[in-house]
Every structure is written in structure tokens, then in C-alpha cells.
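Summary of the model geometry
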Amino acid sequence: MEDAMLESLDELGTFWIPGREDDKLSGRLIFNPKESEISLLLVGSFSDADSMGMRDVERIFGWVGKKKVTVDRCFTSSSKVSSPGVNSTSIIGNRIFLGAHIEVDDSSFKAVTLSFSDLGNWASKSGIVYKMDSGRASDVQDEVFSASYVVPEKELSWFDRGKIILSYRRHCPLRRREIHLEEWPTITIEYATDQPLSSIWQDVGAVHDLLILCMDGHVAVDRCILESTSLRKQDLAGGNLGPQAIELLDLPIRYTPPQERKPRYYHDMLLSFEELGGIDGVARWIDSHRRFRRSLESFMSVRHADKIFAENRFLNVTYAAEAFHRAVYGGKEMEEGSYNAQMDRWLEVTPEEHHEWLINRLRYANEPSLNKRLQGLAQSCGSSVRGLIGERGKWAYTLAQVRNHLTHLSEESHRFSGEELNWLSESVYSVVRVCMLLESGVDSSVLDRKSGSHRMIWYKDHLRQSIKSVRAKLRLGASGSITT
């Protein structure tokens, strides 16, 4: 890995359909992370494309420069026939494997190494030490500047399928009369046995989500390098040079080039690397998040998306909160046996032709309400969110009522402003985030100390005003009478 930057790609190459190496076309491959674009413009069309159905070809092999390339999950967007002129075929791809020809849909790999934006500021460790010594202030010749670099030690921890490592890479080009040293941390996940890419990608997503939760802002995946035990590098004589590094270029939802980013420092974050528990905390997260992975995916959609409607943001986080509580805490209104017995009695006095309707209507009747689930989540957070949400019963009831109005839209439903929904959504995000971190083993005292921090309560006044405004709307019915 030469650096940590996700670089764009715009290269000419030779391409073919797997298994049809004799039918090659020249083309131009483009990967633009900022625009979330992967495109392949081929000169001409494959000779047997019509007979095999070009739209069914999901993978294309090629060479770009000296590197093998696989354009994966692709489809034909257009074909152009010019007479006179040059025929062309335009392909849209969803990911690129740079460095190998990947034969199957879900190949297995031994390890993945990741670079993330602001990972260095989060981990807050560096091997660079510099010193300035000055002699007489009037004589700059006496100034002595010295710098040294010692590679920071790796930090390692085990999880149930392998180990995770925080290590540091560096780049130091030699230039006369100039010193330039660049250092960046990487996270490597090494597996005890080869894992399918789908499973690895879930782990990558989990680590990515954890960094967003801790750094309290968008985090970009700058580099993703896979290692395979079956694909090996070879020298000119055919000798084995070790595992082949394969760069995975996946379409980012939103990507800001490093030169356009504003650095994020400790005061901008909820938890530092050390406060999380170091590399052990990351390993615990990989294991623990599997209990609530589906709710985490819905929950984090509000952070990954560049833009989202306020109603959708609110519904996403409340749905995720409910799903997380169900997965982690469970709970029923009645004891399961008592409820099943009561259900049997209801069925006995109900005509048989209505049994299916009754069962479907009461399928979730024994589930705690959203109001109770939100109260339970807020209570699990202890004092860490108390200063933000205030009285948890009032907060939970208000949010549950808003969710019900948005879920069952009608002409009589109340309208809530985007600003109100935004602050309500943020409060659910803050509560569930703390619950997820606690579930992964973060010390509750660490999160309690954050209760008055800027990152926890910066929008407290906006939230209180939104709750007040929403409750006023919920109290007044269409006729102006008080409603519950």
C-alpha cells in the first residue's frame, strides 16, 4: 500500500468477458469516487454479445497498465452503432478489483486492510518526534532542528473469527535539501480461515459505523486492500512472492477528497480510541454488533446518506431503535405462556374463517409499545443522555406519538416541520448510539462523563423547543379540543 488515499482512475486497457479471452476489446475504465462513478467505454462490441445476452454479463476482465482488473456487478447502459464512425458499448460497474481476475461472485479472502479519514486523529498516536533548540535569539545560525521517527508498535486484539490490528504505514520520498515524512494508521482484519467477501464486507461496514459513532461525523473509507491465500504474486521466474494485494474500489455513497476535508480533532468527537477501549474495544464491537446488525444498518442510513427527507430520517431512526431494543432487550407485555393461552381463548370464540385475520391483527399485540421501548433505551443509558432529553417519559411519549402520526398518514394527521423532526431524530440517534456502545462493552462511566460535553448536548435547546412545539400540536385536535 503506497498511501492512504482513494485515488481516481482513468486508464485505457484491454477487456474481455470471462472465458472468452480471444474476443478482446480496447476500452477506457473510469473510477471517480467523488461522483460515485464506475464506467467502462468499450470500442466496438463483443462478437458473441447478441447470442449470450450482453445485459446478462455481470463481470468483465481486463488489463489496465500492468495490473489485472475485474469490473464487477456491471450492466450495459448503451450501445452505439455509427456508420461511418466507431461503434461503442458503454458499461456501468458497481465495484472494481484492481490486481486480480476474480472468478466467482463471493470469493474468499484471508485479510482486509483499511484506511479511514481522520483515523490518525482518532487514534491520536504518532511516531514522529521533533525538537527545536535555539541559541542566541539574534543568531539564527544557532538554531538546531531535529526530528526522529520510530514506528509505533502494533496494537492487536482477537475476536471470534480472527484478529484485528492497528498499525502505521509511512512514506518518505528522498529529496535533496528537503525532508518529507507522511504517516497514517491502518486497521487490518486477519481471519483464522478464509472468509467470503460478503462476510468481510459486513465487518468492514461494522468498523466504519463504529468510527462514525465515535467520531460523531462522516468518515470516508480511503483504501480497502484484500489478501487472498489462493492468489499469489510471482516474480519473472514464476517464484512465489506471497499473497497478492487486491484493491477493492467500491462506489462510496459520498466521498470528499482529502484535500477538501476539514480535520476532525478530539473536541469534535464523542469518544476517542482510548475511551472506546483501544483495539480491544474495536474487537468487542465486531463480535457484539452481530446481535443487532440489521437495526444498525437502518440506524446508520441517516449518517451515510448525503440527503434524506426529514420524515424518512425520523422513521428510520425510530424503526432502528425499536428493532435494536427487540434484538438486545426483548421483552413482552405478558408472559409468553399466558399470552398464548389467552390467544387460544380468543380463537375458540371466533369463527374459524376469521382465525387468520385475528392472528394477523394480534401478531404483535404482546410487543411493548414504542413508547415503552424508548423509555427502556433511555433508562439503559443512565445519566449520559439525561441532560439532553430531560424527562424520559415525556420525551418517549412525544416521539411515539409523532411516529404514529407519520406511519398512519391521513388528512387529519398533524404536520411537523423539518426542523422539529430533525432534532427529534438526532435525540433518538444519540440515545441509541449510547446503548449500542454500552452493548459493545464501553465503560458506562466513560459515557456518563460525556453527559455535559458539547458533542452530547450541543442541540439541547433546539430539542426542548421542538418537543414543546410538537406536544402543543398533538394536544390540539381539528376542532381545537384537547386530545391525548
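Residues numbered from 1 in each chain as written. Predicted model: local features only at pLDDT ≥ 70, side-chain atom pairs only at ≥ 80, totals over all residues. Heavy atoms only, no water.

1. With respect to the pattern of salt bridges
In total, this model carries 19 salt bridges according to the counting rule given. Its salt-bridge partner being R433, residue D216 comes within 2.9 Å of it at the nearest N-O pair. You can see D216 sitting in the loop between α3 (197-215) and β15 (221-234) and its partner R433 sitting in helix α13 (residues 418-439), a full 217 residues away along the chain. Of the charged contacts, one joins D222 and R261 as a salt bridge, the two residues approaching to 2.6 Å between their closest N and O atoms. Of this pair, D222 sits in strand β15 while R261 is found in the loop between β16 (240-250) and α4 (273-276), placing the two residues 39 residues apart along the sequence. Counted as one network, the salt bridges with shared partners bring together R59, D72 and R95. (Salt bridge = Lys/Arg side-chain N within 4 Å of Asp/Glu carboxyl O. Helix = DSSP H or I, 4+ residues; strand = E, 2+ residues; numbered from the N terminus.)

2. Comments concerning a nonpolar patch on the surface
A surface patch of nonpolar side chains, about 470 Å² in accessible area, is lined by I128, Y130, M132 and F145. At 3 residues, the largest contribution of residues to the nonpolar patch is made by strand β10 (residues 128-133). Tracing the backbone through its elements, the reader meets F145 in strand β11 (residues 144-149). (Patch = residues over 30% accessible without salt bridge, like charges linked within 9 Å, V, L, I, M, F, W, Y side chains within 5 Å. Areas by Shrake-Rupley, 256 points an atom, 1.4 Å probe, with all protein chains shown as cover.)

3. Considerations on unusual backbone geometry
Only a minority of non-glycine residues have a phi that is not negative, and only a minority of peptide bonds are not trans. With a phi angle near 50°, R73 is a residue other than glycine that sits in the positive phi range. Tracing the sequence through the fold places R73 in the loop between β5 (67-72) and β6 (75-80). A positive phi angle is found at D216, which is not glycine, with a value near 60°. On the accessibility criterion, D216 (14% relative accessible area) is buried. (Buried < 20%, exposed > 50% of the residue type's maximum accessible area, 1.4 Å probe, protein only.)

4. Here's the deal with the environment of V428
The residue V428 is located in helix α13 in this model. A relative accessible area of 1% means that V428 is categorised as buried. Sequence separation between V428 and F299 is 129 residues, and the spatial gap between their C-alpha atoms is 9.7 Å. Sequence-distant contacts of V428, that is, excluding residues within four places in its chain, are made with F299, V317, T318, A321, W395 and L399. (Contact = heavy atoms within 4.5 Å.)

5. So, the nonpolar core
Among the nonpolar cores identified, the biggest contains 89 residues, and W122, I164, L226, V282, F299, W395 and L437 are the most heavily contacted of them. Sequence-distant contacts of F299, that is, excluding residues within four places in its chain, are made with L213, A320, V428, Y429, V432, R433 and M436. Counting 23 residues, the second largest nonpolar core, distinct from the first, contains L6, L9, I91 and L249. (Core = buried A, V, L, I, M, F, W, Y, C linked by side-chain atoms within 4.5 Å.)

6. Description of a positive patch on the surface
A surface patch of positive charge is lined by K394, R464, K468 and R475. Inspection of the secondary structure assignment puts R464 in helix α16 (residues 460-475). (Lys, Arg positive; Asp, Glu negative; His and termini not counted. Charge placed at Lys NZ, Arg CZ, Asp CG, Glu CD.)

7. Some thoughts on the pairing of strand β4 (residues 59-64)
β4 sits mainly inside the fold: 5 of its 6 residues count as buried. Note: strand β1 (residues 9-16) against β4, 4 bridges, orientation antiparallel. Looking at the pairing, T14 lines up with W63 of β4. Where β4 lies against β5, 6 bridges are found, and the strand directions are antiparallel. Note on β5: the bridge partner recorded for F61 is T70. Where β4 folds back onto β5 in an antiparallel hairpin, the turn is made up of 2 residues, including G65, whose phi is positive at roughly 65°. (Pairing = 2+ DSSP bridges.)

8. A look at the packing of helix α6 (residues 293-304) against α13
Contact pair α6 / α13: the axes reach a minimum separation of 11 Å and the direction vectors enclose 135°. One finds that α6 runs oblique with respect to α13. In the packing of α6 onto α13, the handedness of the crossing is left-handed. Of the residues in α13, those touching α6 at S295, L296, F299, M300, V302 and R303 are E426, V428, Y429, V432, R433 and M436. (Axes fitted to C-alpha atoms, helices over the stretch in contact; angles between N-to-C directions. Parallel < 35°, antiparallel > 145°, perpendicular 65-115°, else oblique. Left-handed = near helix turned anticlockwise from the far one by under 90°.)

9. Comments concerning the confidence of the model for the protein
Confidence in the prediction for the protein averages 86 pLDDT; 87% of positions are at 70 or higher. Scored below 50 in pLDDT, residues 476-484 makes 10 contacts in the model with residues more than four places away or belonging to other chains. (pLDDT = per-residue confidence, 0-100.)

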